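Structural features, examined
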Amino acid sequence: VTDLMAGYTAYFRRVLSNTCYPVLQEAIGVGSAFEGWSPREQDVVYQVFIPMTPPRGHRFILEPDTVRQAHLRNFRVRVQQECTCAREQRGANGLCFLHHPEEQLRENQHHSFLHTLCTGSYLDVQKTVRWFNQLVRAVWPALPQYHNGRLVLLPSSRSCQFKVTKGRKSYRIEVLFGVREGNSDIFVSNQPRQVFISNTTWVESYAVAEMKFFEYIARRAPRDSLHVKCLQFFTRLQLGLGISTYTTKTIVMHLLNNSHPSQWCRRHFVRRLKDISESLFMCVLARCLNHFIVGNQRLPVGIILPPEIRRARASNLFHDLEMDPVAHSQAMSQWVDL
């Protein structure tokens, strides 16, 4: 999957160079498959994240959306055109979107992606997904995997999903893309949500920051560390019980961050499973599970957060349990079953 996406991003840069479309950066593997703990071995989805930067003559401006989902912040990405006349005077190629006549821009095929990927002045998720799907299909014959593999695009309105079959093996890949918040590891992305949100709404994503945390732990952990196996075992155990895998992942990240890596060696396997179970019980009982990224003052130095996220109050993932006694009773019952 990594080789395939490296080939894709290399061709994306070549195809999109000197165009008026977003610049696609190197893909980053995120989520359970790349973190090493997929709860379902037979149905693994490889999530990759592709950062987007604006093309020449454009700027992305992140505007907080007034519609908020529980602990998540939503944004809209406003696309603003900028004057590039000074660059042309210094010998740079291209036309200025603000000051050249529209006829001249049309003749030189310099159509702004405001007309193709945006609704009004805002980047549209579904239009961007359709554009990306066309790129994936068009570039596929140029990749080495084309000669002994088969590509099938899967239906999805908010992300690009496709399956690559090679012999008897098949790999399901979901591509997320988004805009970086400053120079941080936090993005606004097209991450699908269970509730309806508009096509111009981009959800704040912490997937890259969480991936960097697992890489940090892997560098410090002893060779026989089973922290990933603990997470995989526990998430498989809870399948079908109504407890989300993200809940367990959050609990394990907190435990990893508050303990020494040596405490996750093979001989401590059962003790750590008990820690996860007891932490889940205490969180459900207290109706409180703090988000691992938002407001966490004890993250490793290499994980870069925007100041407003680092300074934010801890965000409670169990807010629904706090507000709904029935949901809280169901969660307690699910823990007993577990």
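The text that follows walks through the structure, step by step, so that each part is easy to find. Treat the numbers as computed from the prediction; the structure is a model and nothing was measured.

1. Examining the overall build of the protein chain
If you tally the helices and strands in the protein chain, you get 12 helices and 12 strands. By the compact-globule yardstick of 20 Å for 338 residues, the protein chain fits well, its C-alpha radius of gyration being 22 Å. On the principal axes, the C-alpha backbone points of the protein chain span a range of 70 × 50 × 35 Å. Counting across all 338 residues of the protein chain, residues that qualify as buried make up 45%. Partitioning the contacts of the protein chain with sequence separation of at least 6, the portion at a separation of at least 24 is 62%. Here the protein chain has roughly 17,700 Å² of accessible surface; of this, 50% comes from carbon and sulfur atoms. Here the protein chain contributes 41 positive and 27 negative side-chain charges, whose respective centroids are spaced 6 Å apart.

2. What to know about unusual backbone geometry
Positioned with a positive phi, Asn18 is a non-glycine residue whose angle comes to about 60°. Among the residues examined, Asn18 registers a relative accessible area of 80% and is labelled exposed. Although it is not a glycine, Arg287 adopts a positive phi angle of roughly 55°. One can find Arg287 in the loop between α9 (269-286) and α10 (307-310). Look at Arg287 and you get partly exposed, because its relative accessible area is 30%.

3. Brief notes about α9
For α9, spanning 18 residues, the distance from its first C-alpha to its last is 26 Å, which sits close to the expected 26 Å at 1.5 Å a residue. Inspection of α9 places Arg272, Leu273, Asp275, Ile276, Leu280, Cys283 and Val284 among the buried residues, and these make up the whole buried set. The buried residues of α9 occupy an angular sector of 160° when the element is viewed end-on, so they sit on one face. With respect to the buried face of α9, the exposed residues turned more than 90 degrees away are Val270 and Ala286. Following α9 by one or two positions, Arg287 adopts a phi angle in the positive range, close to 55°.

4. Comments concerning the pairing of strand β9 (residues 160-166)
Counted residue by residue, β9 has five buried out of seven residues, so it is predominantly covered. Sheet topology note: the strand β8 (residues 150-154)/β9 ladder contains five bridges and is antiparallel. Within the sheet, the bridge partner assigned to Leu153 lies in β9 and is Phe162. What sits between the antiparallel neighbours β8 and β9 is a turn of five residues. Hairpin geometry of β9 and strand β10 (residues 169-180) is characterised by an intervening segment of two residues between the two adjacent antiparallel strands and by a positive phi of about 65° at Gly167.

Conventions used here
- Residues numbered from 1 in each chain as written.
- Predicted model: local features only at pLDDT ≥ 70, side-chain atom pairs only at ≥ 80, totals over all residues.
- Heavy atoms only, no water.
- Helix = DSSP H or I, 4+ residues; strand = E, 2+ residues; numbered from the N terminus.
- Rg over C-alpha atoms; globule rule 2.2 N^0.38 Å.
- Buried < 20%, exposed > 50% of the residue type's maximum accessible area, 1.4 Å probe, protein only.
- Contact = heavy atoms within 4.5 Å.
- Areas by Shrake-Rupley, 256 points an atom, 1.4 Å probe, with all protein chains shown as cover.
- Lys, Arg positive; Asp, Glu negative; His and termini not counted.
- Charge placed at Lys NZ, Arg CZ, Asp CG, Glu CD.
- Expected span 1.5 Å × (residues − 1).
- Arc of directions from axis to C-beta.
- Pairing = 2+ DSSP bridges.

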